[in-house]
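Here's the letter readout for the chains.
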Amino acid sequence: MQLRIPGPTPCPPEALEAMGRQMMNHRGGEFAPLLRSITERLQRIFQTNGDVLLLTSSGTGGMEAAIVNTLSPGDRVLSITNGFFGERFSDIAVAYGADVTRLSYEWGTPVDPDGVARALREDTAIKAVLMVHNETSTGMANDLERIGTVAREFEKLLLVDAISSLGCVNLPVDDWHCDVVITGSQKGWMVPPGLAMVSVSERAWQAHARARMPRCYWDFSLAMDSYRKGQTPWTPAVSVCYALDTTLDMMLNEGLDNVFLRHARVGQKTRDGIKALGLSLFPDEDYASDTVTAVSGADWLDIPRLIRVLREQYDVIVAGGMGKLSTKILRIGHLGYVCDEDIDLFLEVLEKALPQAKK
Ligand SMILES: *Cc1c(COP(=O)(O)O)cnc(C)c1O
């Protein structure tokens, strides 16, 4: 089976083996060095001197944590959306009583940093900017570096969903002025679902001290207090920590730059292969993601049928679209444990499957 969805992604055998280890006392002497060592390696990959907290949840829990820990009900928030996950981030902020203005772009088209600057100039009451770095729903990466510069210029808190990009593409959290950045274990980290990893800047801690949204499980103060004792406030996903301990070593041994280059290479290879087969990319190609490729439908192509043929006849699993794109696009994950040969193999199979998916 070839699992080519943008998460959960395949795990290397070393990670699966590590998961098979016996449990340990998460309040005992063994867990503390494991947690500290994982956290320190995460800080290197996040490229931050700030804190990184390990939360036991899927990525969405990390998004919720970012909001409830830095904002108060009634706070004005600019939520930038150009896809399904941007909408989700906005919805969470609304659910907790933030006063949300959506700055929306067509799905698949990039966020315009000048548009963000305009919105912040027009509404000086805005406290925080929410955005998705890599829109997994459309296969597109937003220009976080430039948007981060804008957010800093206007002195706004910047909360970033980098769930499907961190650990795969360059995202220097401090240099790009990101205050809270969220990622999830089952995307680029080569381990199963179960952990959200969240960075917290000094400015985010200052906002946290004033933030009044209700929180308990997600409370960053509780997480930080526990971390000082080498613990997490609640029972962590111990087995996923074992796996992450292994894959963080794999990533750092490969070298961060090499990890980024590998994702850039498989991303380009996927896009080239898709175009060579006469298919077209869904998003603006200049902003195409290196971790997930979204392919547009065509007059002659039945996307749901293609997905079924790939699964039933070739044992290759790809994803369809999300929300309003559900039957309109196909998405191919190429993040985490992926190499050039995986993509060569995938493209060969896709070529064979295509004639069977004609309308
Ligand atoms: C996967 C993903 C999420 C959601 O993460 P869950 O782990 O399913 O909660 C949010 N945002 C982006 C960009 C994602 O790729």
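Residues numbered from 1 in each chain as written. Predicted model: local features only at pLDDT ≥ 70, side-chain atom pairs only at ≥ 80, totals over all residues. Heavy atoms only, no water.

What follows is about the domain arrangement of the protein. As assigned here, the protein comprises domain 1 (13–252) and domain 2 (255–357). A separation of 26 Å is found between the C-alpha centroids of domain 1 and domain 2. Of the residues lining the interface, 27 residues belong to domain 1; the matching set on domain 2 comes to 24 residues. Roughly 2200 Å² is buried in total at the junction of domain 1 and domain 2, and carbon and sulfur atoms are behind 69% of that figure. The largest per-residue losses of area from domain 1 upon contact with domain 2 belong to Trp-107, Gly-139 and Cys-168, which jointly make up 23% of the total buried on that side. Joining domain 1 to domain 2, the criterion identifies 0 salt bridges. Scanning the region where domain 1 abuts domain 2 turns up 10 residue pairs in polar contact (both at pLDDT 80 or more). (Domains from an automatic or database assignment. Contact = heavy atoms within 4.5 Å. Buried area = accessible area lost by both parts, 1.4 Å probe. Salt bridge = Lys/Arg side-chain N within 4 Å of Asp/Glu carboxyl O. Polar contact = N/O pair within 3.5 Å; in protein donor to acceptor, adjacent residues only side chain to side chain.)

Geometrically, a packed helix pair is captured by the angle between its two axes and the distance between the axes. At a minimum axis separation of 9 Å, helix α5 (residues 113–122) and helix α6 (residues 144–153) run at an interaxial angle of 20°. The pairing of α5 with α6 is recorded here as roughly parallel in orientation. For the pair α5 and α6, the sense of crossing is right-handed. Packed against α5, whose contacting residues are Pro-113, Asp-114, Val-116, Ala-117 and Leu-120, the element α6 presents Arg-146, Ile-147, Val-150 and Ala-151 at the interface. (Axes fitted to C-alpha atoms, helices over the stretch in contact; angles between N-to-C directions. Helix = DSSP H or I, 4+ residues; strand = E, 2+ residues; numbered from the N terminus. Parallel < 35°, antiparallel > 145°, perpendicular 65-115°, else oblique. Left-handed = near helix turned anticlockwise from the far one by under 90°.)

Here we take up the pattern of salt bridges. The final tally for this structure, using the stated rule, is 19 salt bridges. Arg-228 serves as the salt-bridge partner of Asp-225, at 3.4 Å between the closest nitrogen and oxygen. Here Asp-225 and its partner Arg-228 are both found in helix α8 (residues 220–228), 3 residues apart, which amounts to about one turn of the helix. On the basis of relative accessibility, which here comes to 43%, the residue Asp-225 falls in the partly exposed class. Taking relative accessible area as the criterion, Arg-228 reaches 57% and is therefore assigned exposed. (Buried < 20%, exposed > 50% of the residue type's maximum accessible area, 1.4 Å probe, protein only.)

Moving on to empty space enclosed by the protein. Under the definition given, this model contains 2 cavities of 30 Å³ or more. By volume, the largest cavity is sized at about 110 Å³. Lining the largest cavity we find Leu-54, Leu-55, Thr-56, Leu-195, Tyr-217, Asp-219, Ala-223, Thr-232, Pro-233, Trp-234, Thr-235 and Pro-236. Element by element, the count of residues in the lining of the largest cavity is highest for strand β2 (residues 51–56), at 3 residues. Tallied by class, residues from the lining of the largest cavity come to 8 nonpolar, 3 polar and 1 charged. Its volume calculated, the second largest cavity comes out at about 60 Å³. In this structure, the second largest cavity is lined by Leu-35, Thr-39, Val-52, Leu-53, Leu-54, Ala-223, Tyr-227, Gln-231, Thr-232 and Pro-233. If you list the elements that add at least two residues to the lining of the second largest cavity, you get α2 (31–46), β2 and α8. (1 Å grid on protein atoms, 1.4 Å probe; cavity = no way out; pocket = protein on both sides within 12 Å on 5 of 7 lines; lining within 4 Å. Points joined across faces, edges and corners; volume = space filled by probe spheres on them. Nonpolar A, V, L, I, M, F, W, Y, C, P; charged D, E, K, R; others polar.)

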